[in-house]
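For reference, the chains in residue letters:
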2 protein chains.
Amino acid sequence: MNNINFRQIGTIYTPFNSLENMPIQPAAADGVKGTVEVFPEFTEGLSDLEGFSHIYLIFHLHLSTDYRLKVKPFLDDELRGVFSTRAPKRPNPIGISVVKLISVKNNILEVENLDIFNGTPLLDIKPAIPDMYNLENCKIGWIEKSKNTIKEKKSDGRYLWTKV
Amino acid sequence: MNNINFRQIGTIYTPFNSLENMPIQPAAADGVKGTVEVFPEFTEGLSDLEGFSHIYLIFHLHLSTDYRLKVKPFLDDELRGVFSTRAPKRPNPIGISVVKLISVKNNILEVENLDIFNGTPLLDIKPAIPDMYNLENCKIGWIEKSKNTIKEKKSDGRYLWTKV
């Protein structure tokens, strides 16, 4: 199986130093502020980003040390295939969150709506461009019945990412 | 700088065997069909995915062998910071596309709206859940003035991913 090497290009700082009671989705993290520190060597790549109101943060779920193919999501009591969830225990622990971009100052981004653990390694940033996707008539499978609870639910350590 | 190891978990098959004339975004790839073959050892993780109409494919832009911090995007004639674009020549060549999920049969997904090169290594799959993001009043920076051309523009080898 091919190995693919990526590297940390920055760090995401958030108020969440514990996996207990973290919001489970960006929509549940309304107003949660934090900063993204991009390593100085990549600062030039941040040009033109400030015109975007929302960006994708792509990050390494670094506390996730193994994976399960079936997981019990926060929104459900049944085991679900991991690829139908955002659970961190994935074969490749890559996290994606759409966050609100407040400001860009040199290599520091101020962002909002963070559902990310403090100190998480950043892998990439992309602009969020809703018009580029065709999401009319979107069906959301097993999440449909519990989507109204997304904002209230908090993480509870179910996915203890690390064995420590 | 920390190195992070991921591995290929499957392969994305599309009609695009040349970087010339590929659609540049999923919204420009309306009706373009392909398949995702997830390696059999991960099949169980695909359970419950079929209820979703749209999924994120996260993949390795494997033809991208180096990066630039400023790039000239297909939609523009000016140099832009790479993180404000989806250009493949990124510090970590991770691609993300939201595609339409047509069917799931064992370890094979039939998908639509592909803007992806044939044979691209798959890293992860996540469900697309529009309600989880707060994209009201989204501003899209430098792309605003050219967004009406997204569907017509095709790639032109500008980003020759490989030096071959």
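In what follows, the structure referred to is the one given above.
Residues numbered from 1 in each chain as written. Chains lettered and ligands numbered in written order. Predicted model: local features only at pLDDT ≥ 70, side-chain atom pairs only at ≥ 80, totals over all residues.

Asks: Explanation requested: the pairing of strand E9 (residues 108-112) of chain B in the structure shown.
Replies: All names here are of chain B. Of the two faces of E9, the one holding Leu109 and Val111 is buried and the one holding Ile108, Glu110 and Glu112 is not buried anywhere. Judged from the 5 bridges that link them, strand E4 (residues 33-38) and E9 form a sheet pairing that is antiparallel. The residue bridging lysine 33 from the neighbouring strand is glutamate 112, located in E9. The pairing of strand E8 (residues 94-105) with E9 spans 5 bridges and is classified as antiparallel. Note that in E9 the partner of lysine 105 across the bridge is isoleucine 108. Following E8, the chain reverses through 2 residues before pairing antiparallel with E9; asparagine 106 in that reversal takes a positive phi of roughly 50°. (Buried ≥ 20, exposed ≤ 12 C-beta atoms within 10 Å, placed from the backbone. Helix = DSSP H or I, 4+ residues; strand = E, 2+ residues; numbered from the N terminus. Pairing = 2+ DSSP bridges.)

Asks: Is there a simple way to think about the sheet that holds strand E10 (residues 120-127) of chain B in this case?
Replies: Sheet strands line up and pair through hydrogen bonds in the backbone, either parallel or antiparallel. Taken together, the 6 strands give a closed barrel; going around it, the order is E2-E4-E9-E8-E5-E10 (chain B), and neighbouring strands pair in antiparallel fashion. Within this sheet the neighbouring strands show an average axis-to-axis angle of 45°, counted without direction. (Axes fitted to C-alpha atoms, helices over the stretch in contact; angles between N-to-C directions.)

Asks: Would you mind showing me how to read unusual backbone geometry here?
Replies: Residues and elements named next belong to chain A. Even without glycine at this site, aspartate 48 takes up a positive phi of about 75°. Looking at the secondary structure, you find aspartate 48 in the loop between strand E4 (33-38) and strand E5 (54-60). Since 23 C-beta atoms lie within 10 Å of it, aspartate 48 is described here as buried. You will see that asparagine 106, though not glycine, has its phi angle at about 55°, which is positive.

Asks: Honestly, the relation of the copies chain A and chain B in this entry has me stumped. Any pointers?
Replies: In this arrangement, two copies of a chain are superimposed by a rotation about an axis accompanied by a shift along the axis. For the pair chain A and chain B, the relating rotation is 180°, the translation along its axis is 0.0 Å, and the fit reaches an RMSD of 0.0 Å. Look at the turn and shift together and you get a two-fold axis relating the two. Within chain A, the C-alpha atom positioned nearest to the axis of rotation is that of asparagine 5 of chain A, 2.4 Å from it. By residue overlap, the copies meet face to face through one surface: 100% of the interface positions of chain A are interface positions in chain B. (Least-squares fit on C-alpha atoms with pLDDT ≥ 70 in both. Contact = placed C-beta atoms within 7 Å.)

Asks: Looking at this model, I keep getting lost on the sheet that holds strand E2 (residues 10-13) of chain A. Mind explaining?
Replies: Strand order in the closed barrel formed by 6 strands is E2-E4-E9-E8-E5-E10 (chain A), with antiparallel pairing between adjacent strands. Looking at each pair of strands side by side, their axes are set apart by 45° on average, direction ignored.

Asks: I tried to follow the interface of chain A and chain B on my own but got confused; where do I start?
Replies: Where interface size is given, it is often the accessible area lost as the parts come together that is meant. Facing 65 residues of chain A, the contacting portion of chain B comprises 65 residues. Elements represented by at least two residues in the side of chain A that touches chain B include exactly strand E1 (3-7), E5, strand E7 (80-81), strand E8 (94-105) and strand E10 (120-127) of chain A. In terms of residues, the side of chain A that touches chain B owes the most to one element, E10 of chain A, which gives 6 residues. Two elements, E1 of chain A and strand E1 (residues 3-7) of chain B, share 5 bridges in a ladder whose sense is antiparallel. Following the sheet pairing, isoleucine 4 of chain A is matched in E1 of chain B by phenylalanine 6 of chain B.

Asks: Even after reading the chapter, I still don't get the environment of serine 97 of chain B, so can you show me in this structure?
Replies: Residue and element names in this part refer to chain B. Within the secondary structure, serine 97 is located in strand E8. For serine 97, a count of 22 C-beta atoms within 10 Å corresponds to the buried category. Distance in space between the C-alpha atoms of serine 97 and alanine 87 is 13 Å, their sequence separation being 10 residues.

Asks: What is the right way to read the environment of asparagine 118 of chain B from this model?
Replies: All names here are of chain B. Examined against the element boundaries, asparagine 118 turns out to sit in the loop between E9 and E10. Sequence separation of asparagine 118 and isoleucine 9 is 109 residues, and the distance between their C-alpha atoms is 15 Å. With near-sequence residues (within four places) excluded, asparagine 118 lies in contact with Tyr13, Thr14, Phe16 and Asn17.

Asks: Before we go on, may I ask you to explain the environment of proline 127 of chain A in this structure?
Replies: Relative to the elements of secondary structure, proline 127 of chain A occurs in strand E10. Sequence separation between proline 127 of chain A and leucine 49 of chain A is 78 residues, and the spatial gap between their C-alpha atoms is 7.3 Å. Not counting residues up to four positions away in its chain, the partners in contact with proline 127 of chain A are Phe52 and Ile55 of chain A together with Ser84, Ile140, Gly141 and Ile143 of chain B.

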